[in-house]
Amino acid sequence: MGKCMIIGCGGVASVAIHKCCQNSEVFEGIMIASRTKSKCDALKEKLQPTTKTVIETAQVNADNADELVALINSYKPDVVLNLALPYQDLTIMDACLATKTHYVDTANYEPLDTAKFEYKWQWAYRERFEKAGITALLGSGFDPGVTGVFSAYAMKHQFDEINYIDILDCNGGDHGYPFATNFNPEINIREVSAKGSYIEDGKWVETEPMEIKRVYNFKGVGEKDMYLLHHEELESLALNIKGIKRIRFFMTFGQSYLTHLKCLENVGMTSIEPIMYEGKEIVPLQFLKAVLPDPASLGPRTVGKTNIGCIFRGKKDGKDKNYYLYNICDHQECYREVGSQAISYTTGVPAMIGAMMIMTGTWKKAGVYNIEEFDPDPFMEALNKWGLPWEEDFDPVLVD
Ligand code: NDP
């Protein structure tokens, strides 16, 4: 069918690459291009004997659009799948525009100095992508990603209008360390140390970090504390889903994680303000990343399950209706299949599916779109097929 260039070779990319290699009919060729080429070569060495997908590798600095343009021109992929960090989104989009290549990512652009979690920078590319006749699919991970597909599916099949969405992200996994992050620590810590917020009646309501706590009993996991966080898909879902009055995002955290985080915050280790240390400028959060366990190393030690999904409340045929769509994923099963834990797995699988939707022409619209703006049905089918089966509950316990 075609060729895909995958940028980045970290936790999420590794899963997406495994999945592309299981799906050689669509992914005839992939190029793994990242900052550290040895990681790309190691994956190629492991996977090439197991797959018909032809794997190539390259070194690239994705902060440099000219370098990307040259690489895209030499490989000529149908789609670029950006699995580097949010800081690289705009240079990669620039390179896609210059080469008229479709673009897919899993996280919105972030400037290095501030953590904003906003789509405005990427939405500003709409007209240019339309004119170039190419698609940018934004947020094809789990959250954002599957949560948007779930919302579009609920809207299409279950509701006339959706008034309330609660996105619940539960990680019941235990890696045995007192403190570690399940994905890129810099991104993770920026996310959880930011103020919380949700959208009510078209307006953002801001909370202190971790101010709003609820307890929920998750199927497959059990009872967990969860906290209201700001999350990027709130912004696009509030615009794209009809009738929204309130939309919130909750994530579970254990007490040990929160106590460590508070301490690190109090001593200044989570700051993104550069400081001078022995004559060299360092960013405390980046230094912290260097001393924490590599998320990729958590795979073999993490046991338990994740349960991520959305509770919808709205109206169907004039009557009130509640509906919960979720996926349960087992850390050890993921590890056995692709050598990664469930957090990378639940992001890497939808990333592959998003790229597949564009490559096969199943999703075809020139411009810049969030995932819920496409027909959810083929994506929902693919989730069942590629390792993230979903479950429905028509009488869920609601979050107050
Ligand atoms: P990792 O840190 O594990 O991997 C990032 C990769 O990008 C590394 O291989 C890194 O290279 C590479 N990279 C970083 N900077 C550059 C650069 N300038 N040029 C080329 N390559 C670069 O992160 P994750 O895999 O955990 O996360 C990947 C993305 O997925 C992030 O954007 C994250 O926000 C997103 N994400 C989305 C989720 C969702 O549900 N939507 C959930 C989890 C993550 P090197 O190996 O040299 O460090």
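Above this text sits the structure in question.
Residues numbered from 1 in each chain as written. Predicted model: local features only at pLDDT ≥ 70, side-chain atom pairs only at ≥ 80, totals over all residues. Heavy atoms only, no water.

> Explain the overall build of the protein to me, please; I cannot follow it from the model alone.
The helix and strand inventory of the protein stands at 14 helices and 18 strands. Taking 2.2 N^0.38 as the reference for a compact globule, 400 residues should give roughly 21 Å; the C-alpha atoms of the protein span a radius of gyration of 20 Å, in line with that estimate. Reported as C-alpha extents along the three principal axes, the dimensions of the protein are approximately 55 × 55 × 40 Å. In the protein, buried positions account for 57% of the 400 residues. A separation of at least 24 residues holds for 73% of the contacts in the protein among residues at least 6 apart in sequence. Total accessible area on the protein is roughly 16600 Å²; 49% of this is exposed by carbon and sulfur atoms. Computing the positive centroid from 41 side-chain charges and the negative centroid from 55, the protein places the two 2 Å apart. (Helix = DSSP H or I, 4+ residues; strand = E, 2+ residues; numbered from the N terminus. Rg over C-alpha atoms; globule rule 2.2 N^0.38 Å. Buried < 20%, exposed > 50% of the residue type's maximum accessible area, 1.4 Å probe, protein only. Contact = heavy atoms within 4.5 Å. Areas by Shrake-Rupley, 256 points an atom, 1.4 Å probe, with all protein chains shown as cover. Lys, Arg positive; Asp, Glu negative; His and termini not counted. Charge placed at Lys NZ, Arg CZ, Asp CG, Glu CD.)

> What should I look at first to understand the site of the ligand in this one?
Inspection of the region around the ligand gives 28 residues, with V12, T36, K39, A62 and N184 positioned closest. One of the backbone N or O atoms of A84 is found 3.1 Å from an oxygen atom in the ligand. Starting from 930 Å² of accessible surface for the ligand in isolation, the protein chains cover 92%. Of the residues in the shell around the ligand, the class split is 13 nonpolar, eleven polar and four charged. (Near = heavy atom within 4 Å. Polar contact = N/O pair within 3.5 Å; in protein donor to acceptor, adjacent residues only side chain to side chain. Nonpolar A, V, L, I, M, F, W, Y, C, P; charged D, E, K, R; others polar.)

> Honestly, the sheet that holds strand β6 (residues 135-138) in this entry has me stumped. Any pointers?
The strands that make up a sheet pair up through hydrogen bonds in the backbone, lying either parallel or antiparallel. The strand order across the open sheet formed by seven strands is β3-β2-β1-β4-β5-β6-β17, and the pairing between neighbours is parallel. Looking at strand neighbours, the two that pair on one side only are β3 (54-59) and β17 (367-370), the edges of this open sheet. The average undirected angle you get between the axes of adjacent strands in this sheet is 20 degrees. Across two bridges, strand β5 (residues 102-105) lies against β6 in parallel orientation. Bridging across to β6, V104 finds its partner in L137. Of the strands in this sheet, β1 (2-7), β2 (27-34), β3 and β4 (79-82) touch helix α1 (residues 11-22), which is tilted by about 160 degrees from β2. Its contacts with the sheet place helix α13 (residues 342-359) against β1, β2, β4, β5 and β6, and it is angled at close to 165 degrees to β4. (Pairing = 2+ DSSP bridges. Axes fitted to C-alpha atoms, helices over the stretch in contact; angles between N-to-C directions.)

> For this particular structure, what's the right way to read the state of the cysteines?
What we call a disulfide is simply a covalent bond connecting the sulfur atoms of a pair of cysteines. Throughout the structure, instances matching the rule amount to zero disulfides. With no disulfide of its own, C334 has C329 as its nearest cysteine by sulfur position, at a separation of 3.4 Å. Among the residues examined, C334 registers a relative accessible area of 2% and is labelled buried. (Disulfide = S-S within 2.5 Å.)

> How should I be thinking about empty space enclosed by the protein in this particular structure?
The gaps left among the atoms become clear once a water-sized probe is rolled over them. Applying the stated criterion across every chain, the model contains one cavity of 30 Å³ or more. In this structure, the largest cavity encloses a volume near 40 Å³. Y119, L138, G139, P144, G145, G148, E233, S236, N370, I371 and E372 together form the lining of the largest cavity. (1 Å grid on protein atoms, 1.4 Å probe; cavity = no way out; pocket = protein on both sides within 12 Å on 5 of 7 lines; lining within 4 Å. Points joined across faces, edges and corners; volume = space filled by probe spheres on them.)

> Even after reading the chapter, I still don't get the pattern of salt bridges, so can you show me in this structure?
Side-chain pairs of opposite charge can arise where the charged atoms are in close proximity. Under the counting rule described, the total for this entry stands at 15 salt bridges. As a salt-bridge pair, D225 and K213 come within 3.6 Å of each other at their nearest N and O atoms. In this pair, D225 sits in strand β11 (residues 222-228) while K213 sits in strand β10 (residues 213-218), placing the two residues twelve residues apart along the sequence. Between K262 and E265 there is a salt bridge, with its nearest N and O atoms 3.2 Å apart. In this pair, K262 and E265 are both assigned in helix α10 (residues 255-266), three residues apart and thus about one turn of the helix distant. By relative accessible area, which is 46% here, K262 ends up partly exposed. With relative accessibility at 25%, the residue E265 sits in the partly exposed group. Members of the salt-bridge network, linked through shared partners, are K156, D375 and D377. (Salt bridge = Lys/Arg side-chain N within 4 Å of Asp/Glu carboxyl O.)

> What's the story with the environment of G314 in this structure? I'm lost.
Within the element layout of this structure, G314 appears in strand β15 (residues 305-316). Considering only alpha carbons, one finds G314 and A98, 216 residues apart in sequence, at a separation of 43 Å.

> Sorry if this is basic, but what is going on with the side chain of D105 here?
Examined against the element boundaries, D105 turns out to sit in strand β5. Of the polar contacts made by the side chain of D105, one reaches the side chain of Y103; its length is 2.7 Å. Here the side chain of D105 touches G139 through a polar contact of 2.9 Å, landing on its backbone nitrogen. If sequence neighbours within four positions are ignored, D105 has contacts with N82, D89, Q122, L137, L138, G139 and S140.

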